[in-house]
Amino acid sequence: MLTVIWGAIAARRAQALAVLLLAVLASAAAAAAPSYVAAAGQALARYEMSNAEPNELRIRLTEGTEYPGMPSDPTRTVFTETVKRLTPAGFDIVLGAQTGGVATGRAGNVTSSLIFRAQVCERVAVVGACPRTTSRDQPPEVMVSTHTAARLGVAVGDQFTFAAVPMRVTGIYRPLDVTDPFWLDGELIRPATAGSAGTSIPGSAADAIFTAEAAPLPDDDAILHRSTADLYVTEKLLDSRPMPELRAAVMKAQRDGNREGYGAGTTATSLFDRIERQRGQLADGVTLGAGLLVLLCWLVLFVAVGSAADQRRPEQGLLLLRGVQRRRLWALAIGEHAVPALVAIPLGCLGGVAAATLLAAHTLPARADVTLDANVVAFAAIGAAGALAAVLLAQARMLSAPVIDLLRRVPARVRGWRATIGDVVAVSIAVAAVVQLRSGGSPSGLALVAPVAGALAAAVLLARVAMLAGAAVGAALLARGRTAVGLALVQVARQPRFRPLIALLTVAVAMLAFTASMNELASAAYSDRAVVEVGAARVVEVDATSRSHLLTAVRKADPEGRFAMAAVVTNRLPDGGAPVLAVDSARLAAVAAPHPSYGVSFADITRAIRPAPPGEPVRLRGRQLTVVMSANFDAKASSGYQLQLAVTVSSANGTRVVVARPGIRPGRNEYVVQVPECVPQCRLVKMDVVAQARWQNLVVHFEELRSGDGSADTVVLTGTQFADLKRWRGSRSDSEFSATGGASPALSLQMMEGGPLTAGISVADSPLPLPVYLTRSVGTPLGGAHPHEGVDGSPTKARVEGVADALPQLGGAGLIVDLEYADRIAVSGQSGTKEVWLAATAPADVLDRLRAQGLAIVGERTITGVRQDFDRQAPALALRFNLFAALAGVLIGAAGLIAMAAAEQRTRVTMLVALRRQGLPPRAVRGGYGLPVAVAAVSGGLVTLVIWLLTRSGQRLFSDGRSPVPIPEWPDIDRLLVFAVPTVALFALTAVVLGRVIAASVRRRSGR
């Protein structure tokens, strides 16, 4: 039998080679998926590491006991031995020791840490030299940062004291990469503090002071230190060990470290969770592209081998007539095609790895290695086995047909349940997949390949309709004398092998259109989400001493308001309350990035949340504030109780309450309050009268307010201005005040009998309640009062002046308010994240301008950067693989068209030569391959629409599964045509070439 098999392979070398190539293609398609998934998973892990919080990359162990002397290398201690025992395999260990204290130099002092830390010299640029081991009679050598050296006033070779111990500076360092987890997220290189002009050099005066081994101190008890160990996650560790195993190892290390008293702490498990989730999403997403490729390869084999088998029907019929058993024919068919399938496995592995390597080089966010492993071989074997099954299925009809049917030139039509069983199976699988996909939750199982299953089911049904319609239309055209088109339609309709070809081309067209549409949709969704989540072209998180400082600094950095805007964002409250975005609204339209999903223009928002205030703010300048007041009360009845004046002012350093000394006395008196923060300027917030007990018939008259340095005060408010009630409101809802006219105008505040112990007046320099724009999802109607947390963290209410669909940074839930007005009604506290929003037109030195105003730069986000982050996540990588698979599927479809034409060329040419000799016109000799292409082009569009409507909503576009703005319903048709038109053109060109080849063969053989 083996001899017969080898003889069959040798006799049909072209078919064997075609089966081999197509089986290799199927095997490579199957092998490319696990290869790409493994490499992309590696790249995702490395990318997540590069963006992880430092505490997610390490386990910190700290010795509980303090030891006297300089911090030194703990390598030879029991602590190190215990650390090595606790460290999970694969973690890098960085040992150290540290102590805190005050360093004092000739120019000043600073509270810092004195640290020994292994490998520090490899991560800094040093002016001078790194510290070295010293002997007993030498002061310990240390290395200080640029900022620390400036604060202490020391240079290389100078000395300063730390905890009264002399230290000699051998080097001044600057970190090479402050984002390196080695620096412990600001623990060693401290972030700059707000309030003073900063520089672009990272760090501050409180940066760590590094030392080396030192001899015992004259008084070792002057310095006490603890040993530390940081266990770092490595790339090799993430590549080589599964996430559940790593998570268990880290939790065990934490538990054992706490048991040893080392206070082990880490959030590494959250990093592992993100990596595991993204790897799972990647594998699920790639399943669609891999399934498409393998399915198309199997369909091509089915079409090609089925066409070749039809040409050998008479040969098989004669063999059966001569008594050859069918089982031998099955053995011959299996053996003839098993050899190419087996050879395809190693070739497919190599081809799949090569394709994955090429794809990984152009799509992955980080370096990754594509390797050949057991999974790749297994998937390649599955692809080859499926190819063999497709080959045998294509021949099953011939091998099981009666002899009389095998001797027919045209196969008999399959009727009854056998004619529809394939359609029923395809439709059933598609329905199950779509139902599972649309049932909600994370896609799994059949839902992962729902678009492919739906495309195949719709394609086979449309192919059946096309065959029936082609037969009817072809007969009608022949009856009318339209020979060329009519004959082509009849030929296609009478050949069952054209039906799977039409389905193949339809699936190829539809899936390319679908995947291209999903990529286009994802690109638009990524851009939309980036615009809304960031809010402006560039958002810089800053540290400011107060909201007032933030506003003033940004306005000075951009006096014209063209490119910078101050903002404060508060997070969503634990009880589900809406977050708040407070902005310098006059600059909102110029700086923030607009987006149609907001449903409102920034100009409308500004007009609504920034109305004219009831009164102007009261500005104070000078170290001393003088309040002229008259008080009427019974001093004898209140003997033993104090009545005090409390003044609240707001400056760049925040809000402060100052109590006047002595207390309020009967009659007209001047009360002086020291307010050094009012140099150069501050703002009066309110003035309260604070009682220690219930008072009867207490009336206080505010007559004048002066500000200055005590020698030349300036009148800020006169009695007439105090008497202007529009400028004031009660600092408490139950405060009662009124204007006093006549010759001595004033503002009268009365504390009612049985009333509160505190009453006062606030400057009405902002509307109250604050006007806000609210998102529709929150639910408060227009004009309603909406409770929220103010920028000072205190509960308050706002008046809804407008409703938006979404808001910058907040998405579909939150409210926007004017920052200056919100700051004016704030009492105390600094809640939320302070930011500076920058337009795309911001100058290159804008960060230096902000630092010059005392803002410390904490972090930065850009729309472009966030958009690129989405492109580097698992769903985007899977979409790119699927687009690659769909493009490869187009080539596979063209290969199927060619394979079928090659298999039946001899029979087709023989038939057309006979017809040509009987008078068939030359233009009718076209081969009939244009019809499947035309049908596939039309049906491909219909199938794309069907699977888009059924499966679009189930496709994952974001790794976290959410977007603050609605995802577009439809892709850009222009971009879609960029893929669809060349695909149809390729198929049409292939059909034209094949038709011309057949026409040339007919001319040669017929002589016409």
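The following refers to the structure shown. (Residues numbered from 1 in each chain as written. Predicted model: local features only at pLDDT ≥ 70, side-chain atom pairs only at ≥ 80, totals over all residues. Heavy atoms only, no water.)

### Section: the state of the cysteines
Thought 1: Counted according to the given criterion, the structure contains 2 disulfides.
Thought 2: Shown here is the disulfide that connects Cys121 with Cys130, its sulfur atoms set 2.2 Å apart. With the S-S dihedral at roughly -140°, the linkage between Cys121 and Cys130 falls on the left-handed side.
Thought 3: Since its relative accessible area comes to 36%, Cys121 is described here as partly exposed.
Thought 4: Cys678 shares a disulfide with Cys682; S-S distance 1.8 Å. Sign of the S-S torsion, about 70° for the bond between Cys678 and Cys682, identifies this disulfide as right-handed.
Thought 5: Look at Cys682 and you get buried, because its relative accessible area is 3%.
Thought 6: In the chain, the bonded cysteines, numbered by position in the sequence, are linked as 1-2, 3-4. (Disulfide = S-S within 2.5 Å. Buried < 20%, exposed > 50% of the residue type's maximum accessible area, 1.4 Å probe, protein only.)

### Considerations on unusual backbone geometry
Thought 1: The omega angle of the peptide bond from Val679 to Pro680 is 10°, so this bond is cis rather than trans.
Thought 2: By the element assignment, Pro680 lies in the loop between strand S18 (667-674) and strand S19 (682-691).
Thought 3: Each neighbour pair has its own omega, and for Leu768 with Pro769 the value is 0°, a cis peptide bond.
Thought 4: Looking at the secondary structure, you find Pro769 in the loop between strand S25 (758-763) and strand S26 (770-775).
Thought 5: For Gln119, which is not glycine, the phi dihedral falls at a positive 70°.
Thought 6: Inspection of the secondary structure puts Gln119 in the loop between strand S4 (109-117) and strand S5 (124-128).
Thought 7: Look at Gln119 and you get partly exposed, because its relative accessible area is 33%.
Thought 8: Even without glycine at this site, Ala163 takes up a positive phi of about 55°. (Helix = DSSP H or I, 4+ residues; strand = E, 2+ residues; numbered from the N terminus.)

### Here we look at the pattern of salt bridges
Thought 1: For the coordinates displayed, the defined rule picks out 46 salt bridges.
Thought 2: With its nearest N and O atoms 3.6 Å apart, the salt bridge here joins Arg60 to Glu187. With Arg60 in strand S1 (residues 58-62) and Glu187 in the loop between strand S8 (165-175) and strand S9 (209-211), the pair connects residues that are 127 residues apart, well separated along the chain.
Thought 3: We classify Arg60 as buried; its relative accessible area is 11%.
Thought 4: Between Glu703 and Arg668 there is a salt bridge whose closest N-O contact spans 2.5 Å. Taken together, the positions of Glu703 in strand S20 (residues 698-708) and Arg668 in strand S18 put the pair 35 residues apart, joining distant regions of the chain.
Thought 5: According to the relative accessible area criterion, Glu703 is buried, its value standing at 17%. (Salt bridge = Lys/Arg side-chain N within 4 Å of Asp/Glu carboxyl O.)

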